[in-house]
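# Structural overview
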Amino acid sequence: MKFSILNLILCLLLASCQQVQKVTDAIVNPSAKEVFERQFKNNDLLLEHYQARYEKAKQNTLVLELPSSITSSVDSSDFKILAYTIELSRGERFKMVSNLEPNNLQLAIDVFQFQSDSVVSKKPQHYNEPGTNALSFDVVETKAYKIVIIVDSKLALDFSLIFSTEPSFNFPVSGKDNAAIQSFWGAARGGGTRSHKGIDIFAKRGTPAVASTDGFISNTGNRGLGGKQVWLRDGIFGQSLYYAHLDSIAVSAGSRVKRGDTLGYVGNTGNARTTSPHLHFGIYTRSGAVDPLPFVKIQKPVSFDEAKIYFEGKTRLKINELRVGAGVKNQKVQDLDAAVEVEVLARTNRWLHLKINDSLEGFMHESLVFEVKPISSGNSTESEL
């Protein structure tokens, strides 16, 4: 009887603690990484081991080109950390998604900015929330970022991740896409006396030029190099979107517009009189013009890579190139001899993300590695794949 009462008290205390934690989390909004780290609260040794692994992954030199899909595996007896440097441009929206729900696999995702070529910020600029396996944010500064992913699961399973970007604005000419852009940011103008402060999107005269985002019309007119033009402000203190060389204007200053609303029609007014009809599209901030291409460039979708993945392997040839990224254009880390044991952390397309001697990481083409299958006795068998 006493035992049952004691159990009941313990259960009530546990339920009470969990409820308090839920209330606290609702107030402080912890990241998925902060929740993951709670399991080390009363184990300094495990905490030290985890922190060392995390910092090591954060400081690696591996790069991942976007868009990319990677496949990996996680062992229920441990967690895995993947980390890559990615290049992002202002105006893009970064997205990372998993093919598995959090009830099977929990990811803790942090994104850090590079403060210099080799120094990563201490605190993440973006992170995912507990109970989610995705992350999305609008990029406000063009630079390199480090994404670090903790993979935690109670099951042994394979999973896939997609890393991609999409434009934060709609394409500004109705029915057109990237193929219609024929002049880009920075191109020489005026015999080299100035540079192009936008992109030119070619289309038939009269094609609707549409609002790329919600906002209000701050100015319209027919003047200067831009001819008939519309200025769209995406918020009181936001960016100004510049639509120039219009054949005619369909809005008036002070009006509010939604994405897709027609602002005017493509033409060649202003200093574009001798060229084919096109829209000059620019974006201006308080500090001046910025490249508008990342804001509107349509990206090809990428699907989950579900290729075969294994844990252990050995190098195949006399010389095996290990690189910082998945492709021969990436810098070589070093050459590995034949029969070097490697741990396979992930794969993307036909490239394997490897770890060697728990210290060295890099990408190697799958043709240079063969699988080593462990057997119950603790030895292994080798499979030429």
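Since the structure is predicted, the reported quantities are computational estimates derived from the model, not experimental observations.

### Observations regarding the overall build of the chain
On a plain count of helices and strands, the chain comes out with 4 helices and 28 strands. Scored against the burial criterion, the 385 residues of the chain give a buried share of 44%. In the chain, once contacts between residues fewer than 6 apart in sequence are set aside, the share between residues at least 24 apart is 67%. When the accessible surface of the chain is totalled, it reaches about 20,400 Å², and 52% of it is carbon and sulfur.

### Quick notes on the environment of Ser174
Examined against the element boundaries, Ser174 turns out to sit in the loop between strand 8 (157-167) and strand 9 (181-183). A residue is classified by how much of its surface remains accessible, and Ser174, at 36% relative accessible area, is partly exposed. When the C-alpha atoms of Ser174 and Gly260 are compared, they prove to be 8.1 Å apart, with 86 residues separating the residues in sequence. Ignoring sequence-local partners within four residues, the contact set of Ser174 consists of Thr207, Pro208 and Val210.

### Observations concerning the pattern of salt bridges
A full pass over the atoms with the stated rule returns 14 salt bridges. Lys33 serves as the salt-bridge partner of Glu37, at 2.9 Å between the closest nitrogen and oxygen. With a relative accessible area of 24%, Glu37 lands in the partly exposed category. By relative accessible area, Lys33 is classed as buried at 18%. The shortest N-O distance in the salt bridge between Glu166 and Lys95 comes to 3.8 Å. Of this pair, Glu166 sits in strand 8 while Lys95 sits in strand 3 (residues 92-98), and the two are 71 residues apart along the sequence. According to the relative accessible area criterion, Glu166 is partly exposed, its value standing at 27%. Owing to a relative accessible area of 30%, Lys95 belongs among the partly exposed residues under this scheme.

### What about the side chain of Thr213?
Structurally, the position occupied by Thr213 is in the loop between strand 13 (208-210) and strand 14 (215-223). Judged by relative accessible area, which is 8%, Thr213 ranks as buried. Not counting the four nearest positions on each side in its chain, Thr213 is found in contact with Phe169, Leu232, Asp234, Leu241, Lys258 and Arg259.

### A short note on the packing of aromatic side chains
What describes a pair of aromatic rings is the distance from one ring centre to the other and the angle between the planes of the rings. Taken as a whole, this structure holds 15 aromatic pairs when the rule is applied. Ring plane angle 55° and centroid distance 5.5 Å describe the contact between Trp231 and Tyr284, whose orientation is recorded as tilted. With Trp231 in strand 15 (residues 227-233) and Tyr284 in strand 19 (residues 278-285), this pair connects stretches of sequence that are 53 residues apart. For Tyr284, a relative accessible area of 26% gives the class partly exposed. Taken together through their ring pairs, the aromatic side chains of Phe36, Phe40, Tyr50, Tyr54 and Phe79 make up a single cluster. Over the face of the ring belonging to Tyr54 we find Lys33, whose NZ or CZ atom lies 4.7 Å from the ring centre. For Arg53, the ring lying beneath its charged end belongs to Phe79, and the centroid distance is 4.4 Å.

### Overview of the pairing of strand 7 (residues 143-152)
Counting buried positions over the 10 residues of strand 7 gives 9, a clear majority of the element. Sheet topology note: the strand 2 (residues 80-88)/strand 7 ladder contains 9 bridges and is antiparallel. Within the sheet, the bridge partner assigned to Ala83 lies in strand 7 and is Val148. For strand 4 (residues 106-113) and strand 7, the ladder comprises 8 bridges, and the chain directions are antiparallel. Note on strand 7: the bridge partner recorded for Val111 is Ile147.

### Topic: the sheet that holds strand 7
Taking strand neighbours across the sheet as the criterion, the 4 strands line up as 2-7-4-5 in an open arrangement whose pairing is antiparallel. The open sheet is flanked by strand 2 and strand 5 (126-127), the only strands paired with a single partner.

Rules behind the numbers
Residues numbered from 1 in each chain as written. Predicted model: local features only at pLDDT ≥ 70, side-chain atom pairs only at ≥ 80, totals over all residues. Heavy atoms only, no water. Helix = DSSP H or I, 4+ residues; strand = E, 2+ residues; numbered from the N terminus. Buried < 20%, exposed > 50% of the residue type's maximum accessible area, 1.4 Å probe, protein only. Contact = heavy atoms within 4.5 Å. Areas by Shrake-Rupley, 256 points an atom, 1.4 Å probe, with all protein chains shown as cover. Salt bridge = Lys/Arg side-chain N within 4 Å of Asp/Glu carboxyl O. Phe/Tyr/Trp six-rings, centres within 6.5 Å; stacked < 30°, edge-to-face > 60°. Lys NZ or Arg CZ within 6 Å of the ring centre and 35° of its normal. Pairing = 2+ DSSP bridges.

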